[in-house]
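Residue-level structural notes
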Amino acid sequence: MTDKNMGASIGVIGLGAMGRGIAASLRRAGWNVHVCDVRMEAAQAFAADGGVACASPAELAAHCEVIVSVVVNAAQTEAVLFDDGGAAAAMRPGSLFIMCSTVDPNVSVQFEQRLAALGLLYLDAPISGGAAKAASGEMTMMTSGTPAAYAKANGALEAMAAKVYRLGDKAGNGSKVKIINQLLAGVHIAAAAEAMALGLREGVKAEDIYEVITHSAGNSWMFENRMAHVLAADYTPLSAVDIFVKDLGLVLDTARASKFPLPLSATAHQMFMQASTAGYAKEDDSAVIKIFPGITLPSPAGA
């Protein structure tokens, strides 16, 4: 952030695990951060340490020429922008809306077009890296948008992320690359769960499987990260099962439109669907391992 932008106002809508970290990173970088969440107590808790809690996206938009949206999906993004009390009607011409959710790329293109008709800028900017990297300002951002949109961001992207990839001069490519990332993430989690389940079924200790695989060629970042949750028997949702029901669904919808086969993605999607309908929808996505029969999963420490 340049000196001339120190203390400039920026808005963050959505204070979940990622949004909270993004807001904190922007505050640490010197921005005057306005926040809004459907849970007013979450906005007030953030503001207690510095910042301004707003009761609606419209109230936030009245104070900020740059808005970062970190809500769950396209439907929530549309509501944030265009419902009663939405941001779009209150944004001043030339203001920028940075969309960080995982959505259908075609929907992202439509958001850009609808905001352009109102004289507003839009940046397609999905994120990756998890809550810890959001909090430390070290996320990855997959962005695409007009040169004017990038210029308006005024260093905000660099305050939020260690890697900001510029993938095109209009919306769409950012969301396409994020969907490709989610294809791999979902398939890797499903494969990691399947491998751990097989090892347990064959009578190998979970900690031994984990130790060997994480030091062998079959390892993946998702195996190392998510199977640690299984070992700890901690299914607190850092990223829930239903996130991959949604995201792999978007992957398959995108491929279906061009009749492109994705057999591994389809199988992984069914695994997450099974876990969701079995009652694990809101648990950590590593809970997909619970769909496998005839295995005894590790118990919590002291249990």
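Look a little higher up for the structure.
The rules behind these values
- Residues numbered from 1 in each chain as written.
- Predicted model: local features only at pLDDT ≥ 70, side-chain atom pairs only at ≥ 80, totals over all residues.
- Heavy atoms only, no water.
- Buried < 20%, exposed > 50% of the residue type's maximum accessible area, 1.4 Å probe, protein only.
- Helix = DSSP H or I, 4+ residues; strand = E, 2+ residues; numbered from the N terminus.
- Right-handed = clockwise from strand over helix to strand, strands pointing away.
- Pairing = 2+ DSSP bridges.
- Core = buried A, V, L, I, M, F, W, Y, C linked by side-chain atoms within 4.5 Å.
- Contact = heavy atoms within 4.5 Å.
- Axes fitted to C-alpha atoms, helices over the stretch in contact; angles between N-to-C directions.
- Parallel < 35°, antiparallel > 145°, perpendicular 65-115°, else oblique.
- Left-handed = near helix turned anticlockwise from the far one by under 90°.
- Nonpolar A, V, L, I, M, F, W, Y, C, P; charged D, E, K, R; others polar.
- 1 Å grid on protein atoms, 1.4 Å probe; cavity = no way out; pocket = protein on both sides within 12 Å on 5 of 7 lines; lining within 4 Å.
- Points joined across faces, edges and corners; volume = space filled by probe spheres on them.
- Expected span 1.5 Å × (residues − 1).
- Phe/Tyr/Trp six-rings, centres within 6.5 Å; stacked < 30°, edge-to-face > 60°.
- Salt bridge = Lys/Arg side-chain N within 4 Å of Asp/Glu carboxyl O.
- Arc of directions from axis to C-beta.

**A word on the pairing of strand S5 (residues 96-99)**
Looking along a regular strand, one sees the side chains alternate between the two faces of the sheet. Burial of S5 is two-sided: the residues Leu96 and Ile98 facing one way and the residues Phe97 and Met99 facing the other way are all buried. Note on the crossover from strand S4 (residues 66-69) through helix H4 (residues 74-82) to S5: the handedness is right-handed. In the sheet, S5 pairs with strand S6 (residues 121-124) via four bridges, with the strands oriented parallel. Within S6, the residue paired with leucine 96 across the bridge is leucine 121. As for the winding sense of the linkage, the β-α-β connection from S5 through helix H5 (residues 105-116) to S6 is right-handed.

**Considerations on the nonpolar core**
Generally speaking, soluble globular proteins have nonpolar side chains that are buried together. Core analysis: the biggest nonpolar cluster contains 36 residues, and Met196, Phe223, Met227, Phe272, Val288 and Ile289 have the highest contact counts within it. Secondary-structure elements contributing two or more residues to this core are helix H9 (173-201), helix H10 (206-213), helix H11 (221-232), helix H12 (241-257) and helix H13 (263-280). Element by element, the count of residues in this core is highest for H9, at 10 residues. Each residue touching methionine 227, except ones within four places of it in the same chain, is listed here: Ala192, Ala193, Met196, Tyr210, Met222 and Ile289. Within the second largest apolar cluster, 33 residues are counted, among which are Leu26, Val35, Ile98 and Ala161.

**Brief notes about the packing of H9 against H10**
The description of two packed helices rests on the angle between their axes and on the distance between the axes. Their axes nearest at 9 Å, the elements H9 and H10 cross at an angle of 135°. In this view, H9 runs oblique relative to H10, as classed from their interaxial angle. When you trace H9 past H10, the crossing you get is right-handed. Residues Met196, Gly199 and Leu200 of H9 form the contact with H10, whose participating residues are Ala206, Ile209 and Tyr210. Along the lines of polarity and charge, the residues of the contact of H9 with H10 split into five nonpolar, one polar and no charged.

**Some remarks on the layout of surface pockets**
Size it by volume and the second largest pocket reaches roughly 150 Å³. Lining the second largest pocket are Ile179, Ile180, Leu183, Val251, Thr254, Ala255, Ser258, Phe260 and Leu262. At the level of secondary structure, the elements contributing two or more residues to the lining of the second largest pocket comprise H9 and H12. When the residues that make up the lining of the second largest pocket are grouped by side-chain class, the tally is seven nonpolar, two polar and no charged.

**Description of H12**
What sets the pattern is the α-helix's 3.6 residues per turn: residues three or four places apart point alike. Taking 1.5 Å of rise per residue, 17 residues should cover 24 Å, and H12 covers 25 Å from first to last C-alpha, within 8% of that figure. Every buried residue of H12 is listed here: Val241, Phe244, Val245, Asp247, Leu248, Gly249, Leu250, Val251, Leu252 and Ala255. Check the buried side of H12 and you find it contacts H9 and H13. With its phi angle positive at about 55°, lysine 259 sits one or two positions after the end of H12.

**Looking at the packing of H9 against H12**
Direction vectors running N to C along H9 and H12 enclose 125°, while the axes themselves pass 9 Å from each other. Considering their axes alone, H9 and H12 lie oblique with respect to each other. The two elements H9 and H12 meet at a crossing, and its hand is left-handed. Residues Ile179, Gln182, Leu183, Ala185, Gly186 and Ile189 of H9 lie in contact with H12, whose contacting residues are Phe244, Asp247, Leu248, Leu250, Val251 and Thr254. Looking at side-chain class alone, the contact of H9 with H12 contains eight nonpolar, three polar and one charged residues.

**Remarks on the packing of aromatic side chains**
In the structure shown here, the tally under the stated rule is four aromatic pairs. Measuring from centroid to centroid gives 6.4 Å for phenylalanine 97 and tyrosine 122, while their planes differ by 10°, and the two rings are stacked. With a gap of 25 residues between them, phenylalanine 97 in strand S5 and tyrosine 122 in strand S6 connect regions that are remote in the sequence. Residue tyrosine 122 is classed as buried on the basis of its relative accessible area, which comes to 2%. On the numbers, 5.4 Å between centres and 25° between planes, the contact of phenylalanine 244 with phenylalanine 272 is stacked. With phenylalanine 244 in helix H12 and phenylalanine 272 in helix H13, this pair connects stretches of sequence that are 28 residues apart.

**Observations concerning the pattern of salt bridges**
One pass over the structure, following the stated rule, counts eight salt bridges. For arginine 39, the salt bridge identified is with aspartate 37, shortest N-O distance 2.9 Å. Across the pair arginine 92 and glutamate 65 runs a salt bridge, and its minimum N-O distance is 3.6 Å. Of this pair, arginine 92 sits in the loop between H4 and S5 while glutamate 65 sits in the loop between helix H3 (57-61) and S4; the two residues are 27 residues apart in sequence, bridging distant segments of the chain. What makes arginine 92 partly exposed here is its relative accessible area of 34%.

**Here's the deal with helix H2 (residues 40-47)**
Ala42, Ala43, Phe46 and Ala47 are the residues of H2 that are buried. The buried residues of H2 occupy an angular sector of 135° when projected down its axis, which confines them to one face. Next to the buried residues of H2 lie helix H1 (17-28), strand S2 (32-36) and strand S3 (52-53).

The quantities given are spatial measurements derived from coordinates; they are silent on function.
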